[in-house]
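# Survey of secondary and tertiary structure
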Amino acid sequence: MARMKLKVRFHGMHGILWLIVLTTVAWPLAMLLFTGIKEFFAATVDSHHLFATGDGQAFWNSIWSSLLATVFAVVIGYATAWTLHGLPKRLFRVGHAMALLPLLIPPFIGAFSWLQAYARAGLTDITLHFAWAGIFGWLGVVVLLAIHSAPLAYFACSSALARVPQQLLNSSRVHGANRLAAFRFAAWPLLRPAFLSASALIFAFDIGDFGIPFELGIPGHFQTAATQVYSDLTSETPNGFPSAVALSMLLVLTVIIIMVLSRILNKSRVRSEVVRGRAEGETTSPGNLSPVKKTAFFVLFAYTFLTVFLPFIATILVALTKAYGLAPVPANWDVAGMFRIYTGSTGQAALHSVLLAGYAAALVSVFGLVLAELSLSTRLARWLNLLASVPYALPGTVVGVAVILAFNRWLYGTSLIIVLAYVARFWGLSDTLVQVRPQVPVTPLRAARVFGAHKWSGYYFAVFPFLAPVVESAAVLVFISAVYELTMSTLLYTPSSQTLAVVVLNAEQAGDVRTMAVISVSMTILIFAAAMMLNHLQARRSVQKGEKAYAEI
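How each quantity is defined
- Residues numbered from 1 in each chain as written.
- Predicted model: local features only at pLDDT ≥ 70, side-chain atom pairs only at ≥ 80, totals over all residues.
- Heavy atoms only, no water.
- Helix = DSSP H or I, 4+ residues; strand = E, 2+ residues; numbered from the N terminus.
- Buried < 20%, exposed > 50% of the residue type's maximum accessible area, 1.4 Å probe, protein only.
- Contact = heavy atoms within 4.5 Å.
- Areas by Shrake-Rupley, 256 points an atom, 1.4 Å probe, with all protein chains shown as cover.
- Salt bridge = Lys/Arg side-chain N within 4 Å of Asp/Glu carboxyl O.
- Core = buried A, V, L, I, M, F, W, Y, C linked by side-chain atoms within 4.5 Å.
- Axes fitted to C-alpha atoms, helices over the stretch in contact; angles between N-to-C directions.
- Left-handed = near helix turned anticlockwise from the far one by under 90°.
- Nonpolar A, V, L, I, M, F, W, Y, C, P; charged D, E, K, R; others polar.
- Patch = residues over 30% accessible without salt bridge, like charges linked within 9 Å, V, L, I, M, F, W, Y side chains within 5 Å.
- Phe/Tyr/Trp six-rings, centres within 6.5 Å; stacked < 30°, edge-to-face > 60°.
- Lys NZ or Arg CZ within 6 Å of the ring centre and 35° of its normal.

## Here we look at the overall build of the protein chain
Looking only at helices and strands, the protein chain features 24 helices and zero strands. Burial statistics for the protein chain: of 553 residues in total, 49% are counted as buried. Sequence-distant contacts, at least 24 apart, represent 80% of the contacts inside the protein chain between residues at least 6 apart. Entry remark: accessible area of the protein chain is about 27,200 Å², with carbon and sulfur atoms responsible for 69%.

What follows is the structure in structure tokens.
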């Protein structure tokens, strides 16, 4: 009877989760595809040009600029991984932190910071009389996209590089191969799957970015698909909305193709890791650094300073200075003015951002835990997880349009529609829970049940402690992503549900550079604080585990 009761409850939970995924993910995407196909055929029948507003050129711009940025990002990521490979632990930690910094800065804040550092009237123009004339347009977009997506390539390349057997390279050199030939025939076959899957991920990341093309592309008359969708939706022309929907449908199909390719490449990578087997865990000696490694580490430091630290310093100086255009010297600083910006609607928008991001983080964590449990027992739940992960690979403008089509008639003007969009877009960040759950040992749970624990208390004390670090990571990642999310918030907000990112966008369009600088600095500090808190929690948990193991010994 108890078994039957458990089965009934299980099916009930399964059905509720299906309902949630279908409502938040499947239905908006289905509405987008249906409306996009309908508008496409309607345009053909009516013989008017669906892409008359430049959507076709914007889509093509997205394709080639994302491809170019992907190539640069992979080169930077591999060079960083090679530089840090085999370094002493302390030096590695410093380099690892430098390599990840661009990932913690929202792309539109990164682009804005670069303008304050390198554009005309920027910090380098004031101090060194140097300004980068090409920052507006396709070149600036490609460079910034590459810098912000390079950490993704670094992650993939560093893990792949650590698994290349050093003996294989040494034996190639012993048998007469030069460095290039040894890399080509010994290392490249093992690195290739990681390179290709990272390239697919970076391409999807770049093609969906909105902030960088908005900041640097539009002033240089360079539109991408993400910014064109926004322009179509805000143009208030008869063809604006149909064009935005059709362009969003094209982006969805492109990203789905990229995701399928990435899945296929990931499977081949797993097979290659299984084949090489004993290469796992091999490391090079962390002893004396060669002159080449020392030079490479210095170049990495200089790269990080020029791409992250200097732009952020320039933004801080703009935030401190009373008015844009004055020299950023202490005599012109107004620290109290930075805090006055948060009075009134801006402070309310900041509170909205934190609350909405917190709701989304909590919901995604709970849904991820439930999905992880169900994925243990049924393949259907694993397909459900795959479906829930799709919107994370889509551009924010596309998810925003899909949510408008699905919920606008009932939820327009409410905060709930923004929370739904956040949950739909960032559910994929809880995918790690589904991947980690099968690795949790079953013995503690069995022991707890044998000694009379209820299934929920047994889960809480025997299973959840193993998943807690992953839950914390997923929640912090969702919170960070939602706080600096720009495109969906811009499409879905009303004056009563305005978020901080919308205030930044409005300030940028109004030319209020100081307000934008103050909010950019605040958001970056908030994101760094969240990342540091996560790092502290996980470090403390590691120490507690070590103390526990020591006590058991």
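Let's pick the thread back up.
## Observations regarding helix α23 (residues 500-510)
Where α23 is concerned, the buried positions are L500, A501, V502, V503, V504, L505 and A507. Of the residues one or two after α23, G511 is the one with positive phi, at around 75°.

## Some thoughts on the pattern of salt bridges
Where charged atoms from two side chains of opposite charge come close, those side chains can pair. On inspection of all chains with the given rule, the structure shows three salt bridges. For the salt bridge of R514 with D334, the shortest nitrogen-to-oxygen distance reads 3.7 Å. With R514 in helix α24 (residues 513-552) and D334 in the loop between α12 (291-320) and α13 (335-340), this pair connects stretches of sequence that are 180 residues apart. The class of R514 is buried, set by a relative accessible area of 11%.

## Section: the nonpolar core
Counting residues in each nonpolar core, the largest one holds 110 residues, and the members touching the most others are L32, L394, Y422, W427, L467, L492 and M523. When residues in this core are grouped by element, the largest group, twelve residues, is from helix α14 (residues 345-377). Leave out the neighbours within four places in its chain, and L467 touches L369, E373, L433, V436, R437, V440 and Y459. Residues L87, A153, Y154 and A194 belong to the second largest nonpolar core, which totals 24 residues.

## What to know about the packing of helix α7 (residues 166-174) against helix α8 (residues 179-207)
At their nearest, the axes of α7 and α8 sit 9 Å apart, and the two run at 150° to each other. Both α7 and α8 take part in a crossing whose hand is right-handed. Residues L168, L169, S172 and R173 of α7 touch α8, and the partners they reach there are R179, A182, A186, A187 and L190. Its residues placed into classes, the contact of α7 with α8 shows six nonpolar, one polar and two charged.

## Describing a nonpolar patch on the surface
On the surface, a nonpolar cluster with roughly 530 Å² of combined accessible area is contributed by L68, V71, F72, V75, W138 and L139. Only α2 (55-84) and α6 (138-162) provide two or more residues apiece to the nonpolar patch. Take the nonpolar patch: its biggest share by element is four residues, from α2.

## Observations concerning unusual backbone geometry
Phi is positive for A121, which is not a glycine, with a value near 70°. Secondary-structure assignment places A121 in the loop between α4 (107-118) and α5 (123-128). The exposure class assigned to A121 is partly exposed, which follows from its relative accessible area of 43%. With a phi close to 60°, H129 is a non-glycine residue in the positive phi region. For H129, the position within the fold is in the loop between α5 and α6. The exposed category is assigned to H129, whose relative accessible area is 68%.

## Concerning the packing of aromatic side chains
With the rule as written, the count across this model stands at 15 aromatic pairs. Centroid distance F214 to Y230: 6.0 Å. Interplanar angle 85°. Geometry classified as edge-to-face. With a gap of 16 residues between them, F214 in helix α9 (residues 211-217) and Y230 in helix α10 (residues 225-234) connect regions that are remote in the sequence. By way of ring pairs, the aromatic residues W27, F407 and W410 are connected into one cluster. Above the ring of W82, the side-chain terminus of K293 is found at 4.4 Å from the ring centroid. Between R409 and the ring centre of W410, over which it is positioned, the NZ or CZ distance is 5.2 Å.

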